[in-house]
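# Tertiary structure, described
These are the residues of each chain, in order.
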Amino acid sequence: HHLTHHLPAALRGAEFFIEYQPLVKMRDGSLEGAEALVRWSHPRHGVLGPDRFIPLAEHTGLIVPLGRWVLREAVRQACQWQVRGIGGARPLKVNVNLSPRQLHHPELVEDTIAVLEEAGLPPSSLCLEVTETAMIRADENELRPLRQLADLGVGIALDDFGTGYSNLANLRRLPASTLKLDRSFTQGLQRAPADPVDLKIVEGIVSLAHTLELSVTVEGVETSTQADQLRDLGCDSAQGWYYARPGPPERLPEAV
Ligand code: G
Ligand code: G
Ligand code: MN
Ligand code: NA
């Protein structure tokens, strides 16, 4: 694949950039932080989304240096927001996606600590997102680094939750602090009143999450109808086009 071929040079040549999508507290609509989403500004193909190159980077192992670059860049950015007092009294957080391959990397914990210390960002201002599927597949050895980071105060989010067929009892053994409800659930709440079964399913997941002391973030909120229903169902935070699309870091202060 020719894109695969050009990944290393693209990383050296700084062709990647990050957009940030706001995360909003549902209770009062305030800005809580943002998810870092990487893009590739390809000299010939234009801007490529992560779905075009993350799987390739995973396959070749380049995801490790690329992921490290995203982490350093996003942490540095969060630090700038905090220094400039954006988001008011509560310090803004940044969410960074981790690929399964990065979970297996022996230096994940050291690298993450080093990046946080270098920038001077408190660990609690960083949240690492790992897909539910990757988490379920992880064995104790692979969960240990996440647990170490969680013990330091780093948030761990179960991304795309509800698509991975978790054994629900299994959730107890995961070092997660947040469950990110997949946007397929949000889509079920497009109309009001929504299908009562769809409502009950979300209600059940939120209740289970809160019992396990996990906060719930909903993905893919596109309308006020969805936002209102998800807030009433007890979801804690939200992300989606209704609030803001992913954008450059300069746009975050006025995003919400
Ligand atoms: O909004 P967007 O099309 O950028 O996101 C598509 C997918 O790409 C999301 O599921 C997100 O988890 C993933 N993604 C975005 N940025 C990164 C990244 O830096 N690392 C990894 N591993 N995945 C990412
Ligand atoms: O990590 P994750 O898969 O959740 O990455 C977010 C992905 O979802 C990105 O591709 C982002 O552009 C996309 N996205 C963010 N908000 C919305 C939304 O409100 N609706 C839809 N359809 N996609 C969204
Ligand atoms: Mn994500
Ligand atoms: Na996701």
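The rules behind each value
Residues numbered from 1 in each chain as written. Chains lettered and ligands numbered in written order. Predicted model: local features only at pLDDT ≥ 70, side-chain atom pairs only at ≥ 80, totals over all residues. Helix = DSSP H or I, 4+ residues; strand = E, 2+ residues; numbered from the N terminus. Rg over C-alpha atoms; globule rule 2.2 N^0.38 Å. Buried ≥ 20, exposed ≤ 12 C-beta atoms within 10 Å, placed from the backbone. pLDDT = per-residue confidence, 0-100. Axes fitted to C-alpha atoms, helices over the stretch in contact; angles between N-to-C directions. Parallel < 35°, antiparallel > 145°, perpendicular 65-115°, else oblique. Left-handed = near helix turned anticlockwise from the far one by under 90°. Contact = placed C-beta atoms within 7 Å. Nonpolar A, V, L, I, M, F, W, Y, C, P; charged D, E, K, R; others polar. Near = placed C-beta within 6 Å. Pairing = 2+ DSSP bridges. Expected span 1.5 Å × (residues − 1). Core = buried A, V, L, I, M, F, W, Y, C linked by C-beta atoms within 7 Å.

Under an unreviewed UniProt entry, the protein chain has the name EAL domain-containing protein and belongs to Streptomyces millisiae.

Looking now at the overall build of the protein chain. A count of helices and strands for the protein chain gives 10 helices and 9 strands. What you see for the protein chain is a C-alpha radius of gyration of 18 Å, in line with the 18 Å of a compact globule of 256 residues. Projected onto its principal axes, the C-alpha positions of the protein chain cover 50 × 40 × 40 Å. The buried share among the 256 residues of the protein chain stands at 39%.

Here the focus is the confidence of the model for the protein chain. The predicted model of the protein chain has a mean per-residue pLDDT of 94, with 100% of residues at 70 or higher. This prediction of the complex comes with two scores: 0.96 for pTM and 0.95 for ipTM.

Helix-helix packing: each pair is described by the crossing angle between the helix axes and the interaxial distance. The geometry of helix α3 (residues 63–83) relative to helix α5 (residues 108–119) is characterised by a closest axis approach of 9 Å and an angle of 30° between their N-to-C directions. One finds that α3 runs roughly parallel with respect to α5. Of the two elements, α3 crosses α5, and the hand of that crossing is right-handed. When α3 is examined against α5, the residues Arg68, Leu71, Arg72, Val75, Arg76 and Cys79 are found in contact with a partner set consisting of Asp111, Thr112, Val115, Leu116 and Ala119. Classifying every residue of the contact of α3 with α5 by side-chain character gives 6 nonpolar, 1 polar and 4 charged.

Taken together, the neighbourhood of ligand 1 is formed by Leu37, Val38, Gly49, Pro50, Asp51, Ile54, Gly67, Val70, Asn97, Ser99, Asp159 and Pro246. Sorting the residues of the shell around ligand 1 by element identifies β2 (31–42), α2 (50–60) and α3 as the ones contributing at least two each. Across the shell around ligand 1, the residue classes tally to 6 nonpolar, 4 polar and 2 charged.

Covered by surrounding structure in strand β7 (residues 178–181) are Thr178 and Lys180 together with Leu179 and Leu181, the residues of both alternating faces. Where strand β6 (residues 155–161) lies against β7, 3 bridges are found, and the strand directions are parallel. Across the sheet, the residue bridging to Phe161 is Leu181, located in β7. Relative to strand β8 (residues 215–218), β7 runs parallel, the two sharing 4 bridges. Within the sheet, the bridge partner assigned to Leu179 lies in β8 and is Val216.

It is worth spelling out the packing of helix α1 (residues 2–12) against α2 at this point. Between α1 and α2, the least distance of the axes is 10 Å, while the angle of their chain directions is 75°. Between α1 and α2, the interaxial angle falls into the category roughly perpendicular. Residues Leu3, Thr4 and Leu7 of α1 lie in contact with α2, whose contacting residues are Arg52, Phe53, Leu56, Ala57 and Thr60. Among the residues forming the contact of α1 with α2, the class breakdown is 5 nonpolar, 2 polar and 1 charged.

Counting buried positions along strand β5 (residues 126–131) yields 6 of 6 residues, so the element is predominantly enclosed. Of the two faces of β5, the one lined by Leu126, Leu128 and Val130 and the one lined by Cys127, Glu129 and Thr131 are each fully buried. Bridging between strand β4 (residues 93–97) and β5 involves 4 bridges; their strand directions are parallel. Considered in β5, the bridge of Asn95 is made with Cys127.

Let us now look at α3. If you check α3, its first and last C-alpha atoms are 30 Å apart, about what 21 residues at 1.5 Å a residue would give, namely 30 Å. Just downstream of α3 lies Gly85, where phi reads positive at about 70°.

Mapped onto the fold, Trp241 is located in the segment after β9 (237–238). A residue is classified by how many C-beta atoms lie within 10 Å of it, and Trp241, with 12 of them, is exposed. Note: C-alpha distance between Trp241 and Glu203 (38 residues apart in sequence) is 22 Å.

Let us now look at the nonpolar core. Ranked by internal contacts, the top residues of the largest apolar core, which has 64 residues, are Ala74, Val75, Val96, Leu126, Leu128 and Leu230. Of the residues forming this core, the biggest block, 9 residues, is contributed by α3. Here Leu128 is in contact with Val96, Leu98, Leu149, Val154 and Ile156, once residues within four sequence places are set aside.

The next subject is helix α10 (residues 224–232). Side chains three or four residues apart in an α-helix point the same way, a direct result of the helix having 3.6 residues per turn. Three or more residues of α10 are buried, namely Gln226, Ala227, Gln229 and Leu230. Of the surrounding secondary structure, the elements contacted by the buried residues of α10 are α8 (183–187), β8 and β9. Backbone geometry just downstream of α10 places Gly234 in the positive-phi region, at approximately 100°.

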